[in-house]
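A structural walkthrough
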Amino acid sequence: MLALVFTLALLQIVCHQPDPQQEDSLDGENKKSFQTERFMFETGGNNLVGLLDRPIDRDPTVTIIIVHGYGQTKVVEQNWYYELRSQFAHVSINVLVWDKPGCGDSEGEFDINQPVENSADEVIAAIHALQERGIEGTESIGVWGISRAGWIAPLAMKKEPSIAFWISVSGTDNKENARYLLSSNFPIEGRSTQESALLVSKWQQSFDAVWRGGGYQQYLDASRNLTKDPFMQFMGWGGHMSADEFYRYQDKFKQGVLSVDEEAGLMIYVPGFKQVLSSINRPVLALFGEKDTNVDWRNTAKLYQETLGTNPNAALTIKVFPDTNHNLKQCETGGVREMYGQASDTPYAEGYFETMINWLIANQFGKG
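Treat the numbers as computed from the prediction; the structure is a model and nothing was measured.

What counts and how
- Residues numbered from 1 in each chain as written.
- Predicted model: local features only at pLDDT ≥ 70, side-chain atom pairs only at ≥ 80, totals over all residues.
- Heavy atoms only, no water.
- Axes fitted to C-alpha atoms, helices over the stretch in contact; angles between N-to-C directions.
- Helix = DSSP H or I, 4+ residues; strand = E, 2+ residues; numbered from the N terminus.
- Parallel < 35°, antiparallel > 145°, perpendicular 65-115°, else oblique.
- Left-handed = near helix turned anticlockwise from the far one by under 90°.
- Contact = heavy atoms within 4.5 Å.
- Nonpolar A, V, L, I, M, F, W, Y, C, P; charged D, E, K, R; others polar.
- pLDDT = per-residue confidence, 0-100.
- 1 Å grid on protein atoms, 1.4 Å probe; cavity = no way out; pocket = protein on both sides within 12 Å on 5 of 7 lines; lining within 4 Å.
- Points joined across faces, edges and corners; volume = space filled by probe spheres on them.
- Core = buried A, V, L, I, M, F, W, Y, C linked by side-chain atoms within 4.5 Å.
- Buried < 20%, exposed > 50% of the residue type's maximum accessible area, 1.4 Å probe, protein only.
- Polar contact = N/O pair within 3.5 Å; in protein donor to acceptor, adjacent residues only side chain to side chain.
- Pairing = 2+ DSSP bridges.

1. Here's the deal with the packing of helix α6 (residues 178-188) against helix α7 (residues 193-211)
- It is at 9 Å that the axes of α6 and α7 come closest, and there the two elements cross at 160°. The angle between the axes of α6 and α7 places the two elements in the roughly antiparallel class. Considering the relative orientation of α6 and α7, their crossing is right-handed. Residues A178, R179, L182, S183, F186 and P187 of α6 pack against S196, L199, V200, W203 and Q204 of α7.
- Looking at the contact of α6 with α7 residue by residue, the classes come out as seven nonpolar, three polar and one charged.

2. Details of the confidence of the model for the protein chain
- Within the protein chain, residue pLDDT values average 91, and 91% of them lie at 70 or more.
- In this model residues 6-16 is a low-confidence stretch, pLDDT under 50, and it forms 53 contacts with partners more than four residues away in sequence or in other chains.
- Contacts of residues 20-30 to residues separated by more than four positions or lying in other chains number 21 contacts, the stretch itself having pLDDT below 50.

3. Examining empty space enclosed by the protein
- Considering all chains together, one arrives at four cavities of 30 Å³ or more under this definition.
- Volume-wise, the largest cavity comes out at about 100 Å³.
- Looking at the largest cavity, the residues that line it are I66, V67, H68, W98, K100, Q114, S119, E122, V123, R148 and I152.
- Counting only elements with at least two residues in the lining of the largest cavity, the list comes to β3 (62-67) and α4 (116-132).
- A total of three residues in the lining of the largest cavity trace back to one element, the largest contributor, which is α4.
- A breakdown of the residues in the lining of the largest cavity according to their chemical character gives five nonpolar, three polar and three charged.

4. A word on the environment of A222
- Take A222: it is sitting in helix α8 (residues 216-223).
- Sequence separation between A222 and N311 is 89 residues, and the spatial gap between their C-alpha atoms is 44 Å.
- Excluding residues within four positions of it along the chain, A222 makes contact with K202, Q205 and S206.

5. A word on the nonpolar core
- Counting residues in each nonpolar core, the largest one holds 73 residues, and the members touching the most others are I65, W166 and L182.
- It is α4 that provides the largest number of residues to this core, a total of nine residues.
- Not counting chain neighbours up to four residues away, the residues in contact with L182 comprise P187, V200, W203, F231, M232 and W237.
- I64, V75, V97 and I357 belong to the second largest nonpolar core, which has 32 residues in total.

6. Describing the side chain of S33
- Within the secondary structure layout, S33 lies in the loop between α1 (28-31) and β1 (34-43).
- Looking at S33, its side chain comes within polar contact range of the side chain of S86, at 3.3 Å.
- Setting aside residues no more than four positions away along its own chain, S33 makes contact with R54, P55, I56, S86, A89 and H90.

7. So, the pairing of strand β2 (residues 46-55)
- Taking burial as the measure, the 10 residues of β2 include seven buried ones, the bulk of the element.
- Inspection of the sheet shows β1 paired to β2 by 10 bridges, in the antiparallel sense. Bridging from a neighbouring strand, E37 pairs with L52 of β2.
- In sequence, β1 turns back onto β2 through a hairpin of two residues, with G44 there showing a positive phi of about 60°.
- Alignment of β2 against strand β4 (residues 93-98), held across four bridges, turns out to be antiparallel. Residue pairing across strands places L51 opposite V97, the latter belonging to β4.

8. Considering the layout of surface pockets
- Taken as a whole, the second largest pocket encloses approximately 470 Å³ of empty space.
- Considering the residues around the second largest pocket, the lining is formed by 24 residues, among which D173, N174, K175, D296 and N299 are closest to the centre.
- Breaking the lining of the second largest pocket down by element, the ones donating at least two residues are α6, α11 (273-278) and α12 (297-307).
- With five residues, the top contributor of residues to the lining of the second largest pocket is α12.
- Grouping the amino acids of the lining of the second largest pocket by side-chain chemistry returns seven nonpolar, eight polar and nine charged.

Now the structure itself:
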């Protein structure tokens, strides 16, 4: 449905899809780097279940919490993020990652549009559970997150001052990314400059009809040809909202539940996001793929520099990897279709893991 282009569900395709690697897919050295146990904690009336790694033959220095992008998770079932977790274990770091509500063994109902504030509360609940159990290495806890986690981590850090650091991968600014995604992918899909511009303008007109108080027919007229585009069909955005859905959605803007940056013409997902970022007084490492066509990483990097970059306590470090997509995987185009078609063993950006490990050691969060 085209309706998805105007909701948080859009970012389902922005999520980092981690390689579901099993332990026996890695070499013997990595097999011995950490031991894993099931970890359960309660938040919002639900028990969430995940995995806690602890290094073998070395004392942990800190703990890293992994925060997902959009979409359902299979952390326990498929041993997600194994390679990343192994890298952290080699420098004496615990790792905690869990399945979202309604996924795996976690209780509750999965919601693709789960509010980021609620996800931030999950992070805080996990931190408190770790600390209450007196687990070695939880005296200092940091956050690693990708895509949607670019909203979650700062909100968690605002509420929980004990969070020691943040590694942001393919992070977000404060606004809707659909227009950027479409304008970046249409040329890759073979549309001419003129065709791409026209299609993107139709998307904007469709959205304007919603938040500016237009009528349902105005929305249909603007989106009719857009929905027929093959890329829109590939994305699953080939349908329309019903009239009832349109006016219910429109009411959220009229009532102030949802807001728009009127200059940009884009929805704001985290009001006051600049102030939230500016309040972060802990080290931050931000990593981006130069060919990321999912989120406007240049806008995010600029926002980080204007906020975190002006705060010496944040000690902001930004690194951009060439020929790399939203998932920090090596690529040709960075397009969504190519990213979905990549094999699970497609290499990550050269220096991706080394950058994180060296940064952690330099900031005394890990031991070489």
